[in-house]
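# An overview of the molecular structure
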Amino acid sequence: MFFASSYPTFTVFLAVVLAAVFTMVLMPPFIKFLQAHLIGQQVRDDGPETHLVKQGTPTMGGLIMLIGMCLAVILLAKPEAETCLVMAAILLTAALGFVDDFTKVAMKRSLGLTPKMKLIGQFAISTAFVLAVVNLIGVKPVVAIPFVCTIDLGILTTTVAGISIPWLYVIFVDILIMGMSNATNLTDGLDGLAAGTVMVVMLVMAAIAFRCGALDSAIIAAAMAGCCIGFLWFNSYPADIFMGDTGSLALGTGLACIAVITNTEVLSLLIGGLFVAEALSVMIQVFHFKRTHKRLFLMAPLHHHFEKKGWSEVKVVIRFWIISGTLAALGFAIFFAQSLGM
């Protein structure tokens, strides 16, 4: 608490370090526990043949990532409404992902909760979050398009029992949070891919939140980056553990929630552009196949397409890290330039 008020820059960097250290310390005993109880990943039947060797690899590593992140946030961030609301959305989505992961393990299948059940849970979490931040901490229901315009999505607002409901903004944020959460989940298909790309993206979001004066959100974003760093030690190829939906759904939700707090919802689509591309590849593949009965990509999501083209898993991951870093840097450059009034 003292660091946060007196040395805010140091506090944000410390959040990265603490979350990474906590994750790295707690992960080995968790992996041993999972191995002892034969709790492992169920590989999808229609996935790349090279992934069959990953059957049985411990999963649900996202649980330890979130513990590491939470410990860092508890030690460094103030227990104010902003912190509590963002963390609540992240942890509730993590709980949804945990149920999904546990169902896969218990039922010994690659699919856990039905898509409908997941979406209902995510819809409830995202709707509660947007209504809370608008009514409790005064987030304005507007969407800023850098250097173009600011769109007021609060023009259709009704008040029920003292709660303001900006309908258009609620719909927009629901789509953003649910979309980014599932997009990050789709990206989590190769060793180190999701953790590495989320790490880069959240470091940029931490910088943006810091620049906006949202120190607590900056600490949360930094802690998310830190837990990804700690997790990469065990998730790099060949992975000792996977994060599962427990981690990937929660990380995507965290990204979108901090974008809402900092009013960078549109810009987050560029900063997290790799996740958007992965999700779009699946949507395009399904749409194209229904119309033509032919596949546009060799396999979706996009990272599997390049595996099918003969790229090694490590090459795909590193090149996707580079793409993600470039998009995140471009997004931050646009944000910074606009904040200077350029």
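The structure this text deals with has already been given above.
So, a few notes on the structure that sits alongside this text. Numbers given for residues are sequential positions, taken from 1 along each chain in its written order. Only residues with pLDDT of at least 70 get local features here, since the model is predicted, and only at 80 or more are side-chain atom pairs given and counted; chain-wide, interface and lining totals rely on the full set of residues. With hydrogens and water stripped out, all remaining heavy atoms of the structure feed into the side-chain values.

### A word on the overall build of the protein
Broken down by element type, the protein carries 13 helices and four strands. The globule rule used for comparison is 2.2 Å times the number of residues to the exponent 0.38, while the radius of gyration itself is calculated over C-alpha atoms. For the protein, the C-alpha radius of gyration of 20 Å lies close to 20 Å, the compact-globule estimate for 342 residues. In terms of principal-axis extent, the alpha carbons of the protein reach across some 50 × 50 × 45 Å. Contacts between residues were defined by any pair of non-hydrogen atoms, one from each residue, lying within 4.5 Å. Sequence-distant contacts, at least 24 apart, represent 76% of the contacts inside the protein between residues at least 6 apart. The accessible surface values rely on the Shrake-Rupley method and a 1.4 Å probe; as for residues, cover is taken only from the protein chains in view. As displayed, the protein offers around 15,500 Å² of accessible surface, 72% of which is attributable to carbon and sulfur atoms. Under the DSSP-based scheme used, a helix requires at least four consecutive residues in state H or I and a strand at least two consecutive residues in state E, with every element numbered from the N terminus.

### Side note on the pairing of strand β2 (residues 149-152)
Strand direction decides the pairing type here: strand β1 (residues 142-145) and β2, joined by four bridges, are antiparallel. What sits directly across from Ile145, in β2, is Cys149. Whether two strands pair depends on DSSP finding at least two bridges between them.

### Overview of unusual backbone geometry
The step from Tyr237 to Pro238 runs through a cis peptide bond, and the omega angle for that step is -10°. Notably, Asn263 is not glycine yet its phi reads approximately 60°, a positive angle. Counting through the fold element by element, Asn263 comes out in the loop between α9 (244-261) and α10 (265-271). With a 1.4 Å probe rolled over the protein chains alone, any residue whose accessible area is under 20% of its type maximum counts as buried; one over 50% counts as exposed, and the rest are partly exposed. For Asn263, a relative accessible area of 27% puts it in the partly exposed group.

### Considerations on the pattern of salt bridges
Criterion for a salt bridge: a side-chain nitrogen of Lys or Arg within 4 Å of a carboxyl oxygen of Asp or Glu. What the rule picks out here adds up to two salt bridges. Residue Lys118 pairs with Asp100 through a salt bridge whose shortest N-O separation is 3.2 Å. Of the two residues, Lys118 is situated in helix α5 (residues 115-136) and Asp100 in helix α4 (residues 81-107); the sequence distance between them amounts to 18 residues. Neither residue differs from the other here; Lys118 and Asp100 are each classed as buried. Across the pair Lys118 and Asp245 runs a salt bridge whose closest N-O atoms are separated by 3.0 Å. You can see Lys118 sitting in helix α5 and its partner Asp245 sitting in helix α9, a full 127 residues away along the chain. The same class applies to Lys118 as to Asp245, namely buried. Residues joined in a network through salt bridges with shared partners are Asp100, Lys118 and Asp245.

### Comments concerning α9
Each residue after the first adds 1.5 Å to the expected span of a helix. Between the first and last C-alpha of α9 there are 26 Å, a value that for 18 residues agrees with the 26 Å anticipated at 1.5 Å per step. Within α9, 18 of the 18 residues are buried, which leaves the element mostly enclosed by the surrounding structure. Count one or two residues on from α9 and you reach Asn263, which has phi positive near 60°.

### Things to note about the nonpolar core
Nonpolar cores are built from buried Ala, Val, Leu, Ile, Met, Phe, Trp, Tyr and Cys residues. Side-chain atoms within 4.5 Å join them into one set. Judged by nonpolar contacts, the single largest core of 87 residues is most densely connected at Met27, Met69, Ile90, Phe129, Tyr169, Met202 and Met205. Per element, the largest residue contribution to this core is 14 residues, and it comes from helix α8 (residues 215-235). Not counting residues up to four positions away in its chain, the partners in contact with Met205 are Ala221, Leu255, Ile258, Ala259, Thr262, Thr264 and Ile271.

### Here's the deal with helix α13 (residues 313-339)
The end-to-end C-alpha separation of α13 is 39 Å, in line with the 39 Å expected for 27 residues at 1.5 Å each. Regarding α13, the residues found buried are Glu313, Val316, Val317, Phe320, Ser324, Ala328, Gly331, Phe335 and Ala337. Contact partners of the buried residues in α13: α7 (193-211), α10, α11 (273-292) and α12 (302-308).

### Things to note about the packing of α5 against α9
To define axes, lines are fitted to C-alpha atoms, for helices over the stretch in contact only, and angles between the resulting N-to-C directions are given on a 0 to 180 degree scale. Their axes nearest at 12 Å, the elements α5 and α9 cross at an angle of 25°. As summarised for this structure, α5 and α9 are arranged roughly parallel, according to the angle between their axes. Here α5 and α9 pass one another in a crossing that is right-handed. Contacts from Lys118, Gln122, Phe129 and Val133 in α5 reach Asp245, Leu249, Cys257, Val260 and Ile261 in α9. In this scheme, roughly parallel covers angles under 35 degrees and roughly antiparallel covers those over 145, while 65 to 115 is roughly perpendicular and the rest are oblique. Here a crossing is taken to be left-handed if its near helix is turned anticlockwise relative to the far helix by less than a right angle, and right-handed if that turn runs clockwise.

### Looking at the side chain of Ser248
Assignment of secondary structure puts Ser248 in helix α9. Judged by its relative accessible area of 0%, Ser248 falls in the buried class. In this structure, Ser248 is in contact with Ser181, Thr184, Asn185, Asp188 and Met243, ignoring residues within four places of it in sequence.

### Focus: the environment of Glu80
Within the secondary structure, Glu80 is located in the loop between α3 (62-76) and α4. Classification of Glu80 as partly exposed rests on a relative accessible area of 44%. Taking the C-alpha atoms as reference, Glu80 lies 9.7 Å from Ile137; in sequence the two are 57 residues apart.

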